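One letter stands for each residue in the lines below.
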Amino acid sequence: MSLYLLFQSLYLRSSNSFLLIRAAAPLVLVAAGITLVSSEFLYGTPLDEEEFRFAILGAWLRIRALFAGNVLYWSSSMGLGIPQPFIPNLALHPLAPLLAVLGPIPWVRLLLFVHTAIGGGGVWLLCRRLNVSPTVSAACAVTHLLAAPVHNYLLSDFWPSHFLVWTSVPWILLLTWRVIEERRRTGWRDGLLLGLAAGTV
């Protein structure tokens, strides 16, 4: 009798652990995709510094001036002077105030890491909203993170402003769908989030 109880308890444990692994595997796959893409810019340096010369520099100069109590429309810090802000400019991004305490390089790495996670999570939630299975949702999220535009925006050419748009689009689509589909009392929250997501683009 005790052998039967031992076998039954081991069987229940193994079936519960199988269910746990089956439920966690898609999320682990998405986390692996985020880690793979993030490792490229967290530990490496892009070959090109195209937007670093104007988008990141302009945001850094503007935030530093704002925290010093000035509104920067002209900078004499470069050459004989140059109008500010540059276009594109990331000074209105929600993470931009961190430029007051972080240097441009750690800030860009943090910005890209946050948006990589936002993009992967956005595709995951969008697919789950469409009632796609967790495994296929994970495959969609990883495919989105390993797509050719990500390689172009992060590795070939350094275009973080384009990458921010690429990672925000799943959220804009998901929130637009939720605002249109759900007419409830808490719909204003989705509208507010949609405005924030569209404003960062």
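These lines cover the structure that appears in this document, whether it is placed above or below. (Residues numbered from 1 in each chain as written. Predicted model: local features only at pLDDT ≥ 70, side-chain atom pairs only at ≥ 80, totals over all residues. Heavy atoms only, no water.)

Focus on helix α2 (residues 55–67)
A rise of 1.5 Å per residue sets the reference length of α2, with its 13 residues, at 18 Å; its end C-alpha atoms lie 18 Å apart and thus fit the reference within 8%. Along α2, the residues that are buried comprise Ala55, Ile56, Gly58, Ala59, Leu61, Arg62, Ile63 and Ala65. (Helix = DSSP H or I, 4+ residues; strand = E, 2+ residues; numbered from the N terminus. Expected span 1.5 Å × (residues − 1). Buried < 20%, exposed > 50% of the residue type's maximum accessible area, 1.4 Å probe, protein only.)

A word on the packing of helix α3 (residues 104–129) against helix α4 (residues 134–145)
How two helices sit against one another is set out by the angle between their axes and by the gap between those axes. Direction vectors running N to C along α3 and α4 enclose 145 degrees, while the axes themselves pass 8 Å from each other. Note on packing geometry: the crossing formed by α3 with α4 is right-handed. Across the interface between the two elements, Thr116, Gly119, Gly120, Val123, Trp124, Cys127 and Arg128 from α3 touch Pro134, Ser137, Ala138, Cys140, Ala141, His144 and Leu145 from α4. A breakdown of the residues in the contact of α3 with α4 according to their chemical character gives eight nonpolar, five polar and one charged. (Axes fitted to C-alpha atoms, helices over the stretch in contact; angles between N-to-C directions. Left-handed = near helix turned anticlockwise from the far one by under 90°. Contact = heavy atoms within 4.5 Å. Nonpolar A, V, L, I, M, F, W, Y, C, P; charged D, E, K, R; others polar.)

Observations regarding the nonpolar core
With 28 residues, the main nonpolar core has Leu90, Trp107, Leu112 and Leu154 as its most contacted residues. In terms of residues, this core owes the most to one element, α3, which gives seven residues. (Core = buried A, V, L, I, M, F, W, Y, C linked by side-chain atoms within 4.5 Å.)

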